[in-house]
Structure formats: structure tokens, C-alpha cells
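Structural characterization, general
Spelled out, the chains give:
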Amino acid sequence: GSLSRTILSSAVVMAMLGVSAHASADTWKMALGDAAGGTQHELGSTFASLIEEKTGGEITVDLFPNGQLGSEQDTVNNASMGLLDLSVLAINNITPFSPSVGVMTLPYVIRSPEDARTLTQGEIGQEMVDNTVRDAGVRILGWAYSGCRRLTNSAHPVASPEDLDGLVIRVPKNEIMIAAYQAWGVNPNPLAWSETFTALQQGVVDGQDNPYITIDAMKFYEVQKYVTDSCYVFSMEPLIIGEGMFQSLSEEHQQAVLEAGAEASEHSYEYLLAQEDAIKQRLVDEYGMEITEPANDESEWVELATGIWPQFYDSIGGKEKLDEALTALGRDPA
Ligand code: MLT
């Protein structure tokens, strides 16, 4: 009857507003852009067990892998509006909402897992947390460290930028990454992560870049043959919570959430160091991928891509932001 329809529709509206989820049950939903089995899932499931333990079961978390809850960029909007509790997504997909985070995705700034940890765990990392709260309405609780992004393609080995000639490469919808490929002489195709596997499979694009662990978790070896062992961007994947949601928690639960995030990040770092080499080897031995070393120690790639840095000084908050990052990493200012 009309009464039950009214009840139903207000329940739907409440759910859409995230109201009932937060007021009654304390089971949170966590979106993952990647399939289960990669670094996003490792961070997410570690966070889930920690938060359950720290709150004596008052908060539990359900994970929804494979972009089930929307594209990575959609999950930022949804978390900020209170429609979703948590999400783990690649840093490059948060940059469009908070451009200052771009200092972390400028090519060849972060060159190793250790660099990634130094920046995220230091003052610069704290600034990123504050900036994304301010600009995007989401709070970074922790980081998955996923490894360097490696270029894969289905056509031929790529050692130098000129080998990209004729290939259509998928990139995230991220201005910095688009500009890097343009500097290497090709026009990449910006596509949402959730559409990438299908685009590779159907040959809409020939290649993409992501870390070994992600290539494995996403089964890209089924549709890609060649991997270039390069490292132009290091993939860091923040775990975010809607800021409204965070502020609505008791002080005790806020503390538990922050601690769980920090401990899960530490675990993610150890996981990367322990797993990456074996996964790389498996891609070759079991799945027949072929790894190509970048020519001349990657020097042409580096030179062309770092040439785009000045185009992004304004968006990252000034050249001094890049210099702070380089200095924190023990390198010379730009
Ligand atoms: C992307 O390429 O859009 C992301 O790095 C994918 C991911 O989250 O692993």
C-alpha cells in the first residue's frame, strides 16, 4: 500500500544520504578500485581487522573490490558526500580533486618504496592529509604502497620513448600523466580505471601502466605481453574516509581509525617489499610476460618527462613544494 511505499522510499533516501548506515549499524563499506589480491585489498583487509580489534567489534568493515561501488574518482565524491564510508584508490585519481597532491605524481620524483614512505610519513604527507580534507572533503587514513608503475603493452617491446610510436596507451584522467606521455611523443587515451581491462581486451588501447602487483591482481597478463621495467610514477594508494563521517565519530573511534590506518600502512610497506619480486617473476614464468629494460638507464624517459615539471608548479602550490619534496628525499632542488 502507499504507507509501505512511503516507508520504503524514505528508507532509500536515508540510505542514499548515508544516514541509517551511520546511526544504527556500524558496518562500514569500503570501495576498492582493484580486484582482490593486490595491495589495495591487503591494506583494506588489514585496516578492517585492526579497526574491529581496536573497537572491540563496534566497527566492522565490508570490502567491495573491482570498482563495484563506482570508479575510483566517483568514490571520492561519494565519500565526501557521506554516501560511502571508505575507499582505497590510486593517488593519481585523487589529484583532480586536490591538485596539490600532484607533487606525489610528478614523474621521477618518487623513485623507490623508501622515497614513497619518506614523503607520505613526513611533513609533506601530513600536508597532503590536510589539503585533501580541505579540497576534497575526504581524509587520508593510510597508504597502500603498490610499487613503481610499469608500462605494459600488447604489441612489441618498448625500451625507448620512440618505441611508443603508434601505440595507444591508456592513462588515468590525470593531467600530469597525460603530459608525461605527450613529452614522450604520443597522445595517450585517458580512461577510468574501471574501464581499463575491457579497453585492453578489445584492443581499444594497446597498453597502460601500473605496478607489477596490480598487473597481477587485475590479470592484465591475459591481455598484455610486454612490460617495460621503468619507474616514472610510484603508485601510492590512499585509504580515505569521508570527512563528515570522520568528524561524526567519537574521539575514541577517531583515535582507533587513525591508529588502524597508520598500522595498516606499515604493513602495506612490508607487504610490497616481501611480494613484489616474486610477483614480477611469476608474471614471466607463469604468464609468459616479457620484461624489457629501459634503454640507457631510462635517461631519455627521465629527461623528457621531468621537462614537464614547470607546467605543474602552479597546480601543486608553487615550485617550492616540489623543492621541499626533493629536499626531503635528499636530492637537489629542481
Ligand atoms: C589507475 O591506473 O587508474 C590506478 O592506478 C589503478 C589502481 O587503482 O590500481
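See the structure shown above.
Keep in mind it's a predicted model, so treat the numbers as computed, not measured.

What counts and what doesn't
- Residues numbered from 1 in each chain as written.
- Predicted model: local features only at pLDDT ≥ 70, side-chain atom pairs only at ≥ 80, totals over all residues.
- Heavy atoms only, no water.
- Helix = DSSP H or I, 4+ residues; strand = E, 2+ residues; numbered from the N terminus.
- Buried < 20%, exposed > 50% of the residue type's maximum accessible area, 1.4 Å probe, protein only.
- Contact = heavy atoms within 4.5 Å.
- Areas by Shrake-Rupley, 256 points an atom, 1.4 Å probe, with all protein chains shown as cover.
- Lys, Arg positive; Asp, Glu negative; His and termini not counted.
- Charge placed at Lys NZ, Arg CZ, Asp CG, Glu CD.
- Pairing = 2+ DSSP bridges.
- Axes fitted to C-alpha atoms, helices over the stretch in contact; angles between N-to-C directions.

Things to note about the overall build of the protein chain
- Helices and strands together make up the secondary structure of the protein chain, namely 14 helices and 11 strands.
- Overall, the C-alpha framework of the protein chain stretches about 70 × 45 × 35 Å when taken along its three principal axes.
- Within the protein chain, buried positions represent 53% of all 334 residues.
- In the protein chain, the share of contacts with a sequence separation of at least 24, taken over all contacts with a separation of at least 6, comes to 75%.
- Carbon and sulfur atoms provide 49% of the accessible area of the protein chain, an area that totals close to 13,800 Å².
- Distance from the positive charge centre (18 side chains) to the negative charge centre (49 side chains) of the protein chain: 3 Å.

Here we look at the sheet that holds strand E9 (residues 226-228)
- Read across the open sheet, the 4 strands follow the order E8-E5-E9-E11; overall the sheet is mixed. The open sheet has two free edges, formed respectively by strand E8 (207-210) and strand E11 (290-292), since each of these has just one partner strand. Averaged over all adjacent pairs, the angle separating strand axes in this sheet is 25°, with direction ignored.

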